[in-house]
Every structure is written in structure tokens, then in C-alpha cells.
Amino acid sequence: MSYTQDFLGKCQGLIAAVSQQEEKIQAVAKLFASSILAGRMVHIFGSGHSRIMVEEMWPRYGSFPGFNPIVELSLTFHNLVVGANGQRQAMFLENVSGFAKQILRNFDLSDQDSAIIISSSGCNVVPIELAELFQQQGIKTVGIISMEHSQVSTSKRQDGLKLQDFCDIVLDSGAPAGDAMVSIEGLDTPVAPGSTVGSCMLINCIKAELANLLVLAGAPPKVLTASALVGADRAAELFQAAYDEHAHRVSRLYKKVGIASYVSDQN
């Protein structure tokens, strides 16, 4: 069997793992629908390569407003690798206690909000503290982890708690311990990780179930759609409407944040 077939076979296992979580996926969609229908936001966060799932949810074709993508460049800017803004710094900052509090200080949160945090190991400090802060403010939080990887990994928090300890619902990407899924003859370390594949499937299953719930509630989402499908005029209309709705939603996160001013008191 080729290594390509080996990897694709392992991906079939990821599909099976996601399929077994359909009831949880539907529960997540229901939770997120409540936030979106209330005019609030679903906060979505991932550090490191988990940022991929943030951008998979919103904004991109086949996606719709209702999500607040929290992407910290200092934790996710990988392309320079070394030197200024390098990966070493990002991985260090990912485990600095108190960073999550500074991130959320930017937003006027509500218990009508909900959140989803992605971390393959569930062991880095910033994602864990973010979930803890959401929990303290009554915000229902979903975690996406690799259960097998997390179980054999050690939390970077001193108390040993992991992301899943602060989540109301936990989804499993199905990726193996260590993430990489393919063993190469003559190489003592595996390659080809699976957490992105499994996590992206979870994200899009949630997205599909959520879109259905919004339609059933009489609030069909404004989906970013290619002109090849709906024509240039309709695609442009959806594009503008989706981003305008996002602006209206996100404005609520800033209007009364932190210390009150005469501006925040105005209607």
C-alpha cells in the first residue's frame, strides 16, 4: 500500500470518529443558534495551527456571519519560522498566563454569547485560560481537541487542568497521539498530521447543522457564495450583506466595553 493510501485510509478513520459525534454536533449547533438569533456572537479561538479552524468557520465561501474570529498574530504568525516573529516566540507566548485575560479585555461579553476553542492537545495555557474566563462569565463553551493526544499530554498549567475541564461540550478530532498518522520506512518519526482534517470536518458539520437551524427559525444566514453559483450580482449582494451584518454584530462587542464614557452611554 502506498503512503498516499495509508494517509487516506487514516482519514477514513477520522470521518468515522466525527460521524460518531453527531448528537454532540447538533447540540453545539443549537447552542450557537441561540447566540446568533439573539444578535450576539459565537467567539472562536485557536492558537498555533488551530487558527486554521477559526478561518474555516468564518469568513470564507460557504460561511455566514455570527462568529467573532479571535486570531492573535503573535500566537499564529508562522511563515517567518525563525527570527523576529518566529515560531519559538509564538510557542512561548502560547503558555504565558494572563494573556487570555488581555485578549478578552477587548470585548463586552454577554452570557448570551457562546464560544468554541480549538486546541489539539488541550494543554496550552492561553486556550485553557480563555475557556476558564468564558466559563466564569456564564458563556457556554465548546472545545475541539484530539482526545487521544490530550490524554497522553501534560498540561502546561500548574494545576494540571486542560481545555476540556472548562468546556460544556467537547468534540474529538479523532487524531492520534502525536497527531502525525503515517509511518515511513527508515524514518523513526511519523508524518502527515490528522487533527486539521478531523477538526475541519467538525467545523463544517456544525456549520451545516447551524445553517439549518437558522433557516428553520426564519432567519436564513447570508452565506458568502461564489458568483459561479449565483451570478455576480447576487454574489456581490451576499458579500456586502454578510459583512455588514458582521459589522453590526461586532459593534455590540465594543460599544460598552470596559470603562464607561459619554460615548458608551449614547443610544
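Residues numbered from 1 in each chain as written. Predicted model: local features only at pLDDT ≥ 70, side-chain atom pairs only at ≥ 80, totals over all residues. Heavy atoms only, no water.

Talk me through the packing of helix α2 (residues 22-37) against helix α9 (residues 195-216); I want residue IDs and the actual numbers.
Where α2 contacts α9, the two axes come as close as 8 Å, and the packing angle between them is 55°. Comparing the axis directions of α2 and α9 gives the class oblique. Crossing hand, α2 versus α9: right-handed. Between α2, through E22, I25, Q26, V28, A29, K30, F32, A33, I36 and L37, and α9, the contact on the second element is made entirely by L202, C205, I206, E209, L210, L213 and L214. Classifying every residue of the contact of α2 with α9 gives 13 nonpolar, 1 polar and 3 charged. (Axes fitted to C-alpha atoms, helices over the stretch in contact; angles between N-to-C directions. Helix = DSSP H or I, 4+ residues; strand = E, 2+ residues; numbered from the N terminus. Parallel < 35°, antiparallel > 145°, perpendicular 65-115°, else oblique. Left-handed = near helix turned anticlockwise from the far one by under 90°. Contact = heavy atoms within 4.5 Å. Nonpolar A, V, L, I, M, F, W, Y, C, P; charged D, E, K, R; others polar.)

Help me get a handle on the pairing of strand β3 (residues 114-118), residues and values and all.
Burial analysis of β3 places 5 of its 5 residues in the buried class, which makes it a mostly covered element. Side chains S114, I116 and I118 project from β3 onto one buried face, and the interleaved A115 and I117 project onto a second face that is buried too. The pairing of strand β1 (residues 42-46) with β3 spans 5 bridges and is parallel. Across the sheet, the residue bridging to H43 is A115, located in β3. With 5 bridges connecting them, β3 and strand β4 (residues 140-145) associate as parallel partners. Its bridge partner being in β4, S114 is matched across the sheet by K140. In this view, the connection linking β3 to its parallel neighbour β4 by way of helix α7 (residues 125-136) has right-handed handedness. (Buried < 20%, exposed > 50% of the residue type's maximum accessible area, 1.4 Å probe, protein only. Pairing = 2+ DSSP bridges. Right-handed = clockwise from strand over helix to strand, strands pointing away.)

Please give an account of the sheet that holds strand β2 (residues 67-70) that cites residues and values.
Spatial strand order, β2-β1-β3-β4-β5: 5 strands in an open sheet with parallel pairing. Lying at the two open borders of the sheet, with one neighbouring strand each, are β2 and β5 (169-172). The mean angle between the axes of side-by-side strands here comes to 20°, regardless of whether they run parallel or antiparallel. Contacts from α7 reach β1, β3 and β4, with the element oriented near 165° to β3.

Before we move on, can you summarise the environment of A27 with the specific residues and values?
Topologically, A27 is positioned in helix α2. As a C-alpha pair, A27 and I206 span 179 residues in sequence and 9.1 Å in three-dimensional space.

Describe the nonpolar core, and please don't skip the residues or the numbers.
Ranked by internal contacts, the top residues of the largest apolar core, which has 31 residues, are F32, F67, I116 and L210. Those elements giving two or more residues to this core turn out to be α2, β1, α3 (51-57), β3, β4, β5 and α9. Among all residues touching I116, those that are not within four sequence positions of it are F32, V42, H43, I44, F45, V142, I144, I203 and I206. (Core = buried A, V, L, I, M, F, W, Y, C linked by side-chain atoms within 4.5 Å.)

All we've got here are geometric facts, nothing functional implied.
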